[in-house]
Amino acid sequence: MSTADAPERATPTIPGPAPRILLIQAPYYEGVVGGMRRGAEKILAELGATLEVVDVAGAYELPAALRMALRAGQGWDGFLLLGCVVKGETDHYQFICEAVCQGVMDISSETGVPLGFGLLTVESLDQAEARSADDRHNKGAEAVHAVLQQIALARRWGLA
């Protein structure tokens, strides 16, 4: 499926009270991450969800911040992680992307916490901007759909 074929997603129905979401964002590319955040905010507003936003220095800090948030135990129903890594001329890109994805996957599989993961790993800023635009290709909106579906599933199974 190409980006031109991105599906239109309906906002999931969440049983119970409106969800509380913690957004952990790495706003190094503020315009891109801001675009993804706005895509997510639109969907959350439809549900009357509460969104708390915290910033971290960069994508590499996303897993550690998620782990800290879980230890803080503030009663969030789910977590949304947003960031962007643009490929440069060195291997740094590959190391960062692999470390962040593995770190988030480890936490997700260990805890089962409802999570939406919106880390853009792109070749160029143009690609990132296309994935953070105000349209159905917005990866922040896709990530928030993922966390909402996980919250609905957790509530269905009595885990939340």
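Please read all numbers here as calculations on a predicted model, not as lab measurements.

## Some points on the overall build of the chain
Helix and strand content of the chain: five helices and four strands. Going from N to C terminus, the chain has its helices and strands arranged as β-α-β-α-β-α-β-α-α. In terms of overall dimensions, the chain is globule-like: its C-alpha atoms have a radius of gyration of 15 Å, near the 15 Å expected for 160 residues. Principal axes of the C-alpha set define a box for the chain whose edges measure 50 × 35 × 25 Å. Sequence-distant contacts, at least 24 apart, represent 82% of the contacts inside the chain between residues at least 6 apart. Here the chain holds 13 positive side-chain charges and 20 negative ones, and the gap between their average locations is 7 Å.

## Side note on the packing of helix α2 (residues 62–72) against helix α3 (residues 92–111)
Remark: α2 packs on α3, axes separated minimally by 8 Å, with the N-to-C direction vectors making an angle of 25 degrees. When the axes of α2 and α3 are compared, the pair comes out roughly parallel. Contact residues: α2 offers Leu-62, Pro-63, Leu-66, Arg-67 and Leu-70, while α3 offers Val-100, Gly-103, Val-104, Ile-107, Glu-110 and Thr-111.

## Digging into the sheet that holds strand β1 (residues 20–25)
Spatially, β2-β1-β3-β4 is the arrangement adopted by the four strands of the open sheet, whose pairing is parallel. Each end of this open sheet is capped by a strand with a single partner; those strands are β2 (50–55) and β4 (115–122). Direction aside, the axes of adjacent strands within the sheet are offset by 15 degrees on average. Seen against the sheet, helix α5 (residues 139–156) touches β1, β3 (78–86) and β4 and runs at an angle of roughly 155 degrees to β4.

## Brief notes about the UniProt feature "active site" (unreviewed entry) in the chain
Here the UniProt-annotated "active site" (unreviewed entry) positions come out as His-92. For His-92, the position within the fold is in helix α3. Relative accessible area serves as the criterion here: at 52%, His-92 is assigned to the exposed category.

## Some words on the pattern of salt bridges
Within this structure, the stated rule accounts for six salt bridges. A salt bridge links Lys-42 to Asp-134; the shortest N-O distance between them is 2.3 Å. Placement of the pair is Lys-42 in helix α1 (residues 30–47) and Asp-134 in the loop between α4 (125–130) and α5, with a sequence separation of 92 residues. Residue classification places Asp-134 among the exposed residues on the basis of a relative accessible area of 64%. When the shortest N-O distance is used, the salt bridge between Arg-155 and Asp-77 registers 3.4 Å. Taken together, the residues Arg-155 in helix α5 and Asp-77 in the loop between α2 and β3 connect sequence positions 78 residues apart. The structure contains a network of salt bridges with shared partners spanning Glu-30, Arg-37 and Glu-41.

## What to know about the nonpolar core
Counting 23 residues, the largest nonpolar core has Leu-80, Leu-82, Cys-84, Leu-120, Val-144 and Leu-148 as the members making the most contacts within it. Those elements that place two or more of their residues in this core are β1, α1, β3, β4 and α5. Among residues more than four places away in sequence, those in contact with Leu-80 are Ile-21, Leu-22, Leu-23, Ile-24, Ala-40, Gly-116, Ala-143 and Val-144. In terms of nonpolar packing, the next biggest core, distinct from the first, is built from 22 residues, Ala-26, Val-56, Ala-69 and Phe-79 among them.

## Quick notes on the pairing of β3
Along β3, eight of the nine residues are buried, which leaves the element largely enclosed by surrounding structure. Relative to β4, β3 runs parallel, the two being bridged by eight bridges. Bridge assignment links Leu-81 to a residue of β4, and that residue is Phe-117. Following the backbone out of β3, through α3 and into the adjacent parallel β4, one traces a crossover that is right-handed.

About the cut-offs
- Residues numbered from 1 in each chain as written.
- Predicted model: local features only at pLDDT ≥ 70, side-chain atom pairs only at ≥ 80, totals over all residues.
- Heavy atoms only, no water.
- Helix = DSSP H or I, 4+ residues; strand = E, 2+ residues; numbered from the N terminus.
- Rg over C-alpha atoms; globule rule 2.2 N^0.38 Å.
- Contact = heavy atoms within 4.5 Å.
- Lys, Arg positive; Asp, Glu negative; His and termini not counted.
- Charge placed at Lys NZ, Arg CZ, Asp CG, Glu CD.
- Axes fitted to C-alpha atoms, helices over the stretch in contact; angles between N-to-C directions.
- Parallel < 35°, antiparallel > 145°, perpendicular 65-115°, else oblique.
- Pairing = 2+ DSSP bridges.
- UniProt positions renumbered as here; feature names shortened; annotations may be inferred.
- Buried < 20%, exposed > 50% of the residue type's maximum accessible area, 1.4 Å probe, protein only.
- Salt bridge = Lys/Arg side-chain N within 4 Å of Asp/Glu carboxyl O.
- Core = buried A, V, L, I, M, F, W, Y, C linked by side-chain atoms within 4.5 Å.
- Right-handed = clockwise from strand over helix to strand, strands pointing away.

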